[in-house]
Amino acid sequence: MADNSFSDGVPSDALEAAKNASNTEKLTDQVMQNPQVLAALQERLDNVSHTPSSYIETLPKAVKRRVNALKQLQVRCAHIEAKFYEEVHDLERKYAALYQPLFDKRREFITGDVEPTDAESEWHSDNGEEEKLAGDMKNKVVLAEKEAATGEEPNPRGIPEFWFTIFRNVDMLSELVQEYDEPILKHLQDIKVKFSDPGQPMSFVLEFHFEPNDYFTNSVLTKTYKMKSEPDKADPFSFEGPEIVDCDGCAIDWKKGKNVTVKTIKKKQKHKGRGTVRTITKQVPNDSFFNFFSPLKASGDGESLDEDSEFTLASDFEIGHFFRERIVPRAVLYFTGEAIEDDDNFEEGEEGEEEELEGDEEGEDEDDADVNPKKEPSQPSECKQQ
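Residues numbered from 1 in each chain as written. Predicted model: local features only at pLDDT ≥ 70, side-chain atom pairs only at ≥ 80, totals over all residues. Heavy atoms only, no water.

It is worth spelling out the overall build of the chain at this point. Secondary structure assignment for the chain yields twelve helices and eight strands. Split into buried and exposed, the 386 residues of the chain put 26% on the buried side. Within the chain, residue pairs in contact and separated by at least 24 positions form 63% of the contacts whose partners lie at least 6 positions apart. Accessible area for the chain stands at about 28000 Å²; split by element, carbon and sulfur atoms hold 51% of it. (Helix = DSSP H or I, 4+ residues; strand = E, 2+ residues; numbered from the N terminus. Buried < 20%, exposed > 50% of the residue type's maximum accessible area, 1.4 Å probe, protein only. Contact = heavy atoms within 4.5 Å. Areas by Shrake-Rupley, 256 points an atom, 1.4 Å probe, with all protein chains shown as cover.)

Put into structure tokens, the structure is as follows:
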């Protein structure tokens, strides 16, 4: 019987392998001649070549080892940066004590408890238009004095609706205020920022001081913002300074029938057996600025918040930061609108600089922009439990 495992002295399995290799080579040649396949391969190669992580993978082990050592140094830098922000917080606390006597006097002028002297009331403006308006006002005062014999000039106490006017002027705040909130906010007399004590976790408290009113019995409503100023163990390279991580509000002691954070609705119910209908009333949540004092809680049990809740919480943190950094320190400028105009001008300046840089790229011979806005450092925060 003939042995079929050999042909001309060559094993049959070797012949089969050679035949498969030849077919594979022919198929490869056909694929590589397809322009679409070549384009897809080239795009994939380009993406790989331009990915930093893929480049790191190509480095020799000895170089990778040194890169890991650099990462260790970077983590140590992040911890030093965290200490820097802790000392910044200590400085903020120190200077807050220096600002407070001026803020106390501001409150006295606003409420009318103290009348400023002529020297304290004098203000010189570099703006010619403002000086002209001031001159016009003086003329009106002279006329008013002449008319004083027949009528008494109105002289309200302090600066009426000072803080309420700020709420109306600032879009971020006015969006929160409903029409039924307005009469309550007209009783707001002061907003203060209190920093956490030395040795305590980093935080700050917003205090809203109200005069006696018909809506609630609290004289002060508080909102506490808790802050974190340390690198995350799982992702230390994401650290960019202190961040607000949670907040707590306070209970508002509403007087009967005055709670604007809820509304009463009527609902009809039909009895399944008898078919009779009855009307019941129930309370449901209502949009109001005063929901600011009943914030969402940041998830601390490992469960993630839904997208809407995350957005609401992030907006709350932004508002708290804005009160602390802008509204409280510069209240009079938000009352007059000057701070809002400054913010608008700053944004326009950034756009102008961007246009100028684009012009340079196109080869236009223009001077460099003389604007170099600094990025505002992130701030620590804390909250107080309700």
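The biggest cluster of nonpolar side chains holds 45 residues, and the ones touching the most others in it are Phe 167, Phe 208, Phe 290 and Phe 323. Those residues in contact with Phe 208 that lie beyond four places of it in its chain are Phe 167, Leu 188, Asp 190, Ile 191, Ser 219, Val 220, Leu 221, Phe 289, Phe 292, Phe 293 and Phe 323. (Core = buried A, V, L, I, M, F, W, Y, C linked by side-chain atoms within 4.5 Å.)

In this description, a pair of aromatic rings is defined by centroid distance and the angle of the planes. This structure, assessed with the given rule, holds 24 aromatic pairs. Ring plane angle 75 degrees and centroid distance 5.4 Å describe the contact between Phe 289 and Phe 290, whose orientation is recorded as edge-to-face. Classification of Phe 290 by relative accessible area gives buried; the value is 1%. A centroid spacing of 5.9 Å and a plane angle of 75 degrees characterise the contact between Phe 322 and Tyr 334, whose relative ring orientation is edge-to-face. With Phe 322 in helix 10 (residues 307-327) and Tyr 334 in helix 11 (residues 331-336), this pair connects stretches of sequence that are twelve residues apart. Grouping residues by exposure puts Phe 322 and Tyr 334 together as buried. Through successive ring pairs, a cluster of aromatic residues spans Phe 167, Phe 208, Phe 210, Phe 216, Trp 254, Phe 289, Phe 290, Phe 292, Phe 293 and Phe 323. One Lys or Arg, Lys 223, reaches over the ring of Phe 292 and ends 3.4 Å from the middle of that ring. Above the plane of the ring of Phe 204 lies Arg 324, whose end atom (NZ or CZ) is 4.8 Å from the centre. (Phe/Tyr/Trp six-rings, centres within 6.5 Å; stacked < 30°, edge-to-face > 60°. Lys NZ or Arg CZ within 6 Å of the ring centre and 35° of its normal.)

As a further point, take the pattern of salt bridges. Inspection of the entire model under this criterion finds 14 salt bridges. A salt bridge links Arg 93 to Asp 90, with the nearest nitrogen and oxygen atoms 2.9 Å apart. Here Arg 93 pairs with Asp 90, and both are found in helix 4 (residues 61-111), just three residues apart, close to one helical turn. Residue Arg 93 is classed as buried on the basis of its relative accessible area of 18%. On the basis of relative accessibility, which here comes to 39%, the residue Asp 90 falls in the partly exposed class. Across the salt bridge formed by Glu 325 and Arg 324, the nearest N and O atoms sit 3.0 Å from each other. (Salt bridge = Lys/Arg side-chain N within 4 Å of Asp/Glu carboxyl O.)

Our focus in this paragraph is the side chain of Ser 196. Structurally, Ser 196 can be placed in the loop between strand 3 (188-195) and strand 4 (203-210). You can call Ser 196 buried: its relative accessible area is 5%. There is a polar contact of 3.1 Å between the side chain of Ser 196 and the side chain of His 89. (Polar contact = N/O pair within 3.5 Å; in protein donor to acceptor, adjacent residues only side chain to side chain.)

Unlike most non-glycine residues, Glu 161 shows phi in positive territory, near 55 degrees. Within the fold, Glu 161 resides in the loop between helix 6 (128-147) and helix 7 (162-169). Exposure remark for Glu 161: the relative accessible area of 32% places this residue in the partly exposed category.

By definition, the strands of a sheet pair up through backbone hydrogen bonds, in either a parallel or an antiparallel sense. Strands sit in the order 3-4-5-6 across an open sheet of four strands; the sheet is antiparallel. The open sheet terminates on both sides in strands that have one partner only, identified here as strand 3 and strand 6 (243-248). Going from strand to strand, the sheet's axes swing by 20 degrees on average, the running direction of each strand aside. As paired strands, strand 5 (residues 220-228) and strand 6 are joined by four bridges and run antiparallel to one another. Looking across to strand 6, one finds that Thr 224 is bridged to Asp 248. This element, helix 4, spans strand 3 and strand 4 of the sheet and lies at about 170 degrees to strand 3. (Pairing = 2+ DSSP bridges. Axes fitted to C-alpha atoms, helices over the stretch in contact; angles between N-to-C directions.)

Okay, the pairing of strand 8 (residues 277-285) next. Across nine bridges, the pairing between strand 7 (residues 262-270) and strand 8 is antiparallel. Considered in strand 8, the bridge of Lys 268 is made with Thr 279. Once strand 7 ends, the chain turns through six residues before running back antiparallel as strand 8, passing Gly 275 with a positive phi of about 80 degrees.

In this section: helix 10. Between its first and last C-alpha, helix 10 extends 28 Å over 21 residues, near the 30 Å set by a 1.5 Å rise per residue. Every buried residue belonging to helix 10 is among Ser 309, Leu 313, Asp 316, Phe 317, Ile 319, Gly 320, His 321, Phe 322, Phe 323, Arg 324 and Ile 327, and all of these are buried. (Expected span 1.5 Å × (residues − 1).)

With that settled, consider the pairing of strand 3. The element strand 3 is extensively covered by neighbouring structure, given that seven of its eight residues are classed as buried. In this structure, strand 3 lies alongside strand 4, joined through seven bridges in antiparallel fashion. In the strand pairing of strand 4, Ile 191 is matched with Phe 208.

In this section: a nonpolar patch on the surface. A cluster of nonpolar residues, Leu 91, Tyr 95, Leu 98 and Tyr 99, forms a patch on the protein surface that exposes about 430 Å² of accessible area. Examined against the element boundaries, Tyr 95 turns out to sit in helix 4. (Patch = residues over 30% accessible without salt bridge, like charges linked within 9 Å, V, L, I, M, F, W, Y side chains within 5 Å.)

Here Val 284 lies in strand 8. Relative accessible area serves as the criterion here: at 19%, Val 284 is assigned to the buried category. Put simply, Val 284 and Ile 265 are 19 residues apart on the chain and 7.4 Å apart in space, counted from C-alpha to C-alpha. Apart from residues lying up to four places away in sequence, Val 284 is in contact with Thr 261, Val 262, Lys 263 and Ile 265.

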